[in-house]
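Inside the fold
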Amino acid sequence: MGHTSRLSFLLRSGRHRPGFLSARAFAWSALAALAGAALGAGCGRSEAWDDFGAAGPEPAACGNGVCDGGEDCGSCSPDCGLCDGCGDGDCAGGESCATCAADCGVCATCGDGACDASENCGNCAADCGLCPGCGDGACDPASEACSSCPVDCGLCPGCGDGACGSAETCLTCPGDCGVCASCGDGSCTAPEDCLSCAPDCGACAPCGNGVCNAATESCFSCPDDCGRCPSCGDGACSGAETCASCATDCGDCSVCPNGVCEDFEGCTSCPSDCGACEPADCLEVITCSFSCLDVNRTPPGFSFACVSSCVARGCADVQFFVDEVLNCAFAALPACGGDPACLQEQCGVELAACIGATC
């Protein structure tokens, strides 16, 4: 089948529906607009993601691993260890949110994005980041607790009850408190970890072994082992749901690069994982783009992401000539409606130039 006859076949595909101004006409206009947007906006993001949850600077000395100067267990538990009684569940004996967040809850300013003078990684990881030893797989009882390092020490007792308690934050219990602002941007950056932001950092190591570890796993952080959360499947991506905890409602996660070419990734969306695309010629790009349109629906359905990926497969010259074809087809719609022969005749020059384009 020659180039022209193959294109005619593509244009004729789809069932005409009486009373509807040609699904094919709508498809052409949708394709023109979509491809134009794809060519103008590009198919990727070149600049760095804004890091809305970046940890503020830690106080000069606290967090350096040395208990020195005027530091003590009350002012700097990451360096000097937790004070006696901290972690027993009772906020007493002079304890406060600044000296023992595990018992007294986090201070009101924790979570505002600024690591204030009274805050450190031990009492406000959400603002100051995780302490250096957090994430090594061992819970150091002298300086770590469920409120400051749940990935090592396990979730605090109240985490998972549906209420964001006083000692819980988006970092230590996202299932109750919701995910932190930066979670879901595709980049696993401090203070995010596998427990607080599985969409960006991936599931924690034991997740997927078929056993739900109550200490560190839940329906939010590991639905594969613990089952789906009750609200998952209601059609709305809401509350603490993410692509990692409820793909049914929130869609597939897209973490690129992570060294694995996932089912939802391809050479255009993640070449670092899936390899570079082989350059496509004009007819391949147009054929691919039409595969993104469902002209048997009223009105026709189409996928922005699919069309963008198709156009991205062409080299610069092919993209230019595809754009010319689609712009011509869009301009010819009032005269041609959905007649494929008319569109071919009106845009024959552009089609010939596109088919003849080389990379």
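Just above, that's the structure.
Just so you know, the residues in each chain are numbered from 1, in the order the chain's sequence is written. Per-residue local features are limited, in this predicted model, to residues with pLDDT of at least 70; the limit for side-chain atom pairs, both in listing and counting, is 80 or more; totals at the level of whole chains, interfaces and linings are taken over all residues. Note: side-chain values were computed over all heavy atoms of the structure, leaving out hydrogens and water.

1. Focus on the overall build of the chain
The condition that has to hold: Runs of E in the DSSP output that reach at least two residues are strands. Runs of H or I that reach at least four are helices, and both are numbered from the N terminus. The cut-offs for exposure are 20% and 50% of the maximum accessible area for each residue type, with area from a 1.4 Å probe on protein chains only; residues under the lower value are buried, those over the upper are exposed, and the others partly exposed. In what follows, residue pairs with any heavy atoms lying within 4.5 Å of each other are defined as contacts. Computed with a 1.4 Å probe, the accessible areas rest on the Shrake-Rupley method; for each residue, only the protein chains presented here act as cover.
For the chain, the helix and strand inventory stands at 16 helices and two strands. Counting the 359 residues in the chain, one finds 41% classified as buried. Within the chain, contacts between residues at least 6 apart in sequence are counted, and of these 45% link residues at least 24 apart. When the accessible surface of the chain is split by element, carbon and sulfur atoms take 55% of a total near 17,200 Å².

2. Notes on the state of the cysteines
Note the cut-off: Sulfur atoms of two cysteines make up a disulfide when they are within 2.5 Å.
This model, assessed by the stated rule, comprises 25 disulfides. Two residues share a disulfide in this structure: C86 and C100, whose sulfurs sit 2.0 Å from each other. Looking along the S-S bond of the C86-C100 disulfide, the torsion reads about 95°, which is the right-handed sense. One end of the pair, C86, is in the loop between α3 (77-80) and α4 (101-104); the other, C100, is in the loop between α3 and α4, with 14 residues separating them in the sequence. Both residues of the pair, C86 and C100, count as buried.

3. Observations concerning the nonpolar core
Test applied: Throughout, nonpolar core names a set of buried Ala, Val, Leu, Ile, Met, Phe, Trp, Tyr and Cys residues whose side chains join them through atoms within 4.5 Å.
Residues C282, V285, I286, V318, V322, V325 and C354 are the most contacted members of the largest nonpolar core, which totals 18 residues. Listing elements by their share of this core, those giving two or more residues are α12 (282-290), α13 (304-312), α14 (316-336) and α16 (348-355). Sorting elements by how many residues they give to this core places α12 first, with five residues. V318 has contacts with A280, D281, C282, V285, A357 and C359, leaving out every residue within four places of it along the chain.

4. Thoughts on the side chain of S77
Structurally, the position occupied by S77 is in helix α3. Judged by its relative accessible area of 7%, S77 falls in the buried class. Apart from residues no more than four positions distant in its own chain, S77 is found in contact with D72, L82, N120, G122, A142 and S143.

5. Some words on α14
What counts is decided by this rule: Helix span, as expected, comes to 1.5 Å for every residue beyond the first. Bend, at a single residue, is the angle you get between axes fitted to the 7 residues ending at that residue and the 7 residues starting at it.
With 21 residues, α14 should reach 30 Å at 1.5 Å per residue; the first-to-last C-alpha distance of 29 Å fits that figure. Along its length, α14 reaches its greatest deviation from straightness, about 30°, at F330, and the proline P334 lies no more than four positions downstream. Within the sequence span of α14, burial applies to V318, V322, D323, V325, L326, C328, A329, A332, L333 and C336. G337 sits one or two positions beyond α14 and adopts a positive phi of about 60°.

6. Observations regarding the packing of aromatic side chains
Here is the rule we go by: Stacked, tilted and edge-to-face pairs are distinguished by plane angle, under 30 degrees for stacked and over 60 for edge-to-face with tilted covering the rest, among Phe, Tyr and Trp rings (Trp via its six-membered ring) whose centres lie within 6.5 Å.
Considering all chains together, one arrives at one aromatic pair under this definition. Ring centres 5.1 Å apart and planes at 80° place the aromatic pair F320 and F321 in the edge-to-face group. On the accessibility criterion, F320 (48% relative accessible area) is partly exposed. Take F321: its relative accessible area is 24%, and that puts it in the partly exposed class.

7. Details of α13
The criterion, for reference: Throughout, the arc means the angular range of directions from the helix axis out to the C-beta atoms.
Inspection of α13 places V307, S308, C310 and V311 among the buried residues, and these make up the whole buried set. Down the axis of α13, the buried side of the element spans an arc of 160°, and every buried residue falls inside it.

8. Some words on the environment of D90
Among the structural elements, D90 can be located in the loop between α3 and α4. Here D90 falls in the partly exposed class, since its relative accessible area comes to 46%. Between the C-alpha atom of D90 and that of C104, which follows or precedes it by 14 residues, the distance is 7.5 Å. Every residue in contact with D90, bar those within four places of it in the chain, is listed here: E95 and D103.

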